[in-house]
Amino acid sequence: MMLDIDTLNVWFGSGRDRVDAVKAATFSVARGESFGLVGESGSGKSTILRAISGLAPQWSGRMVVDGTPLTKTRPKAFYKAVQMVFQDPYASLHPRHSVDQVLGETLHLHGFGDIDARVVKLLDDVGLGQKFRFRYPHQLSGGQRQRVAIARALAPEPQLLLLDEPTSALDVSVQGEILNLLVDLRRDRGLTFVMVSHDLSVVGHMCERLAVMQNGQIVEVLGVDALRQNAATHPYAQSLLAASI
Amino acid sequence: MMDTLLDVEDLWVRFPSRQGVFDAVRGVSFTLGRERLGIVGESGSGKSMTGRAILRLIRPPGIVEAKQIALNGDNLMEKSEKDMRAVRGQKISMVMQDPKFSLNPVMTIGAQIIEAYRQHNRTNHADAYAKAVEMLQAVSIRDADRVMRAYPHEMSGGMGQRVMIAMMLIPNPQILIADEPTSALDVSVQRQVLDIMDGLVKERGMGLIFISHDLNLVADFCDRVLIMYAGRIVEVCEASKLSQAKHPYTRGLLNALPRLDAPRDHLEVLQRDPAWSTAPSVSGRVA
């Protein structure tokens, strides 16, 4: 198992203002698998990703990545193995750092020596090429920015990639390109994906299994074949499917 | 076929820049009857600019040029700014993308709707209040009295968008321009909002211009679709026949969508042809 989540609770605030964002979520993702999380906004799907990556400090339960249980503080090896791609490429890149700086800094922080060669390789891997190396984010289109964000996530050679709505800020034509890139990268590098999306057809395209979430709880886990045959059993999952087709 | 509410002929929107003049909308023509007209395209294709230009909401240095933008035979291009104020809201209303940015955060919902109503009608406060409650009920808001006292941050996205629609409908406009009204909403809520708009269009015989980037949604919801690319209309078709569209751009967009019923390893990638952006605009006029 690449990722094992057992009765994960995540909350924000305390006392009267406490909000339970995720309640007793349990699922596991095999090595090389692609797992989807779907649900309405506020259902806690992004919060699960943030809890795995260490961005949500208040949690309880058990999270195991590649056989190692996660604690409140994460070792350096964790950040090498797990990387995240965010929803909005406009907001997740430093506006005054060039692509070269963004990738170079990431590689430096992870202790790589041959930074120059690796930046070149990363840009080729995400289909950007060398002419984008010294550009700033405002000189890139939305799709190109998301490619840079993916390159940054790939820099430490992770095994588990957390994708938080990676294409919802993009046009359909560009969405297709990014999804193809992610499919190729997973196949070539044997990556494991956990992908959050509100678009069931995107999850159906990318993932083998998915969990449907409502009000912080996972109400159903089903395979993509069941999704295609409209064979969800939980009433909420059924209504979500019906609304999306 | 049907009576024409709006006739747009040869509309151009230009923005002068340091690199020369940028044409955001290039020679677009279409008519709108009592129907649901969809405008689809990628970001930057000029679909929102078309909607804004109709209401003359494009501010200098932006330039709007058109042979005519005729509302019931009345050319809006020749109207003064003062006369336009009587058109905006009264005759043509617009619903924007995100209710969070269109509602005043420090005014209650009730106060905002009443203000909008009294802008156009001379009535006392009690009548305006009653009218506002009635409007909220028309958009399926159940406890309208509570919502009247609420502030925008106490609303969910779907509620906020319904409040926006209620506000737009009070003056009983003939045309509603909806600019991505459901993009910020969840699928389940999206459906509710669309149903409400659909009901209102049918009941009141309004014309609706529905601007969206979502092809499936438009195919489902509208009667006729204009497909825009680089400021031009590349194709006009019946919404129900969108899946048989002929233009390579429309085909490319349709094929780029992942489909639950037809799984594939790779999605098709849109190959852009530079000729698309230079070819003259297709007319969306119905004679």
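None of the values given here were measured: they were computed from a predicted structure.

Definitions and cut-offs
Note on numbering: residues in each chain are counted from 1, in written sequence order. All chains are assigned letters beginning with A, and all ligands numbers beginning with 1, in the order in which they are written. Confidence filtering applies because this is a predicted model: local features only for residues at pLDDT of at least 70, side-chain atom pairs given and counted only at 80 or more, and all residues used for totals across whole chains, interfaces and linings. To get the side-chain values, take all heavy atoms of the structure and skip hydrogens and water. Under the DSSP-based scheme used, a helix requires at least four consecutive residues in state H or I and a strand at least two consecutive residues in state E, with every element numbered from the N terminus. It is over C-alpha atoms that the radius of gyration is taken, and the globule rule equals 2.2 Å times the number of residues to the power 0.38. Each residue is assigned to one of three classes by its accessible area relative to the maximum for its type, calculated with a 1.4 Å probe on protein chains only: buried under 20%, partly exposed between the two thresholds, exposed over 50%. Residue contacts are counted whenever heavy atoms from the two residues lie within 4.5 Å of one another. We get accessible surface area from the Shrake-Rupley algorithm with a probe of 1.4 Å; when it comes to residues, only the shown protein chains can shield them. Neither His nor the chain ends is counted toward charge; the positive residues are Lys and Arg and the negative residues Asp and Glu. Taken as the charge centre is NZ of Lys, CZ of Arg, CG of Asp or CD of Glu, depending on the residue. Between N or O atoms, a polar contact is any pair within 3.5 Å; within protein, one atom must be a potential hydrogen donor and the other a potential acceptor, and residues adjacent in sequence are included only when both atoms are from side chains. UniProt positions are given in the numbering used here, feature names are shortened, and annotations may be inferred rather than shown by experiment. By convention, the term buried area covers the 1.4 Å-probe accessible surface removed from two parts as they join, with the contributions of both added. Each reported salt bridge corresponds to a side-chain nitrogen of Lys or Arg within 4 Å of a carboxyl oxygen of Asp or Glu.

## With respect to the overall build of chain B
So, step 1. Looking only at helices and strands, one finds eleven helices and eleven strands in chain B.
So, step 2. Here the C-alpha radius of gyration of chain B, 20 Å, is about what a compact globule of 287 residues would show, namely 19 Å.
So, step 3. For chain B, the C-alpha atoms occupy an extent of roughly 60 × 50 × 45 Å along the three principal directions.
So, step 4. For chain B, buried positions account for 53% of its 287 residues.
So, step 5. Of the contacts formed within chain B by residues at least 6 apart in sequence, a portion of 67% connects residues at least 24 apart.
So, step 6. Counting only carbon and sulfur atoms, one obtains 49% of the accessible surface of chain B, whose full area is about 13300 Å².
So, step 7. Of the side-chain charges in chain B, 35 are positive and 34 negative, and the distance between the mean point of each set is 3 Å.

## Some points on the side chain of B:R88
So, step 1. With respect to the helices and strands, B:R88 occurs in the loop between α2 (81-87) and β7 (92-95).
So, step 2. A distance of 2.9 Å separates the side chain of B:R88 from the backbone oxygen of B:L55, its partner in a polar contact.

## Considering the UniProt feature "domain: ABC transporter" (unreviewed entry) in chain B
So, step 1. In the numbering used here, UniProt assigns the "domain: ABC transporter" (unreviewed entry) feature to residues 6-255 of chain B.
So, step 2. The distance from the first to the last C-alpha atom of residues 6-255 of chain B is 33 Å, and the span holds 39% helix and 27% strand.

## What to know about the UniProt feature "domain: ABC transporter" (unreviewed entry) in chain A
So, step 1. In this structure's numbering, the residues bearing the UniProt feature "domain: ABC transporter" (unreviewed entry) are residues 5-240 of chain A.
So, step 2. Helix and strand shares over residues 5-240 of chain A are 36% and 26% respectively, and the end C-alpha atoms of the span are 24 Å apart.

## Quick word on the interface of chain B and chain A
For an interface, size is often stated in terms of accessible area lost upon the parts coming together.
So, step 1. Contacts between the two partners involve 18 residues from chain B and, on the opposite side, 24 residues from chain A.
So, step 2. Carbon and sulfur atoms supply 60% of the area buried between chain B and chain A, which totals about 2000 Å² over both sides.
So, step 3. Connecting chain B to chain A are zero salt bridges.
So, step 4. Viewed at the interface, chain A and chain B are joined by three residue pairs in polar contact (both at pLDDT 80 or more).

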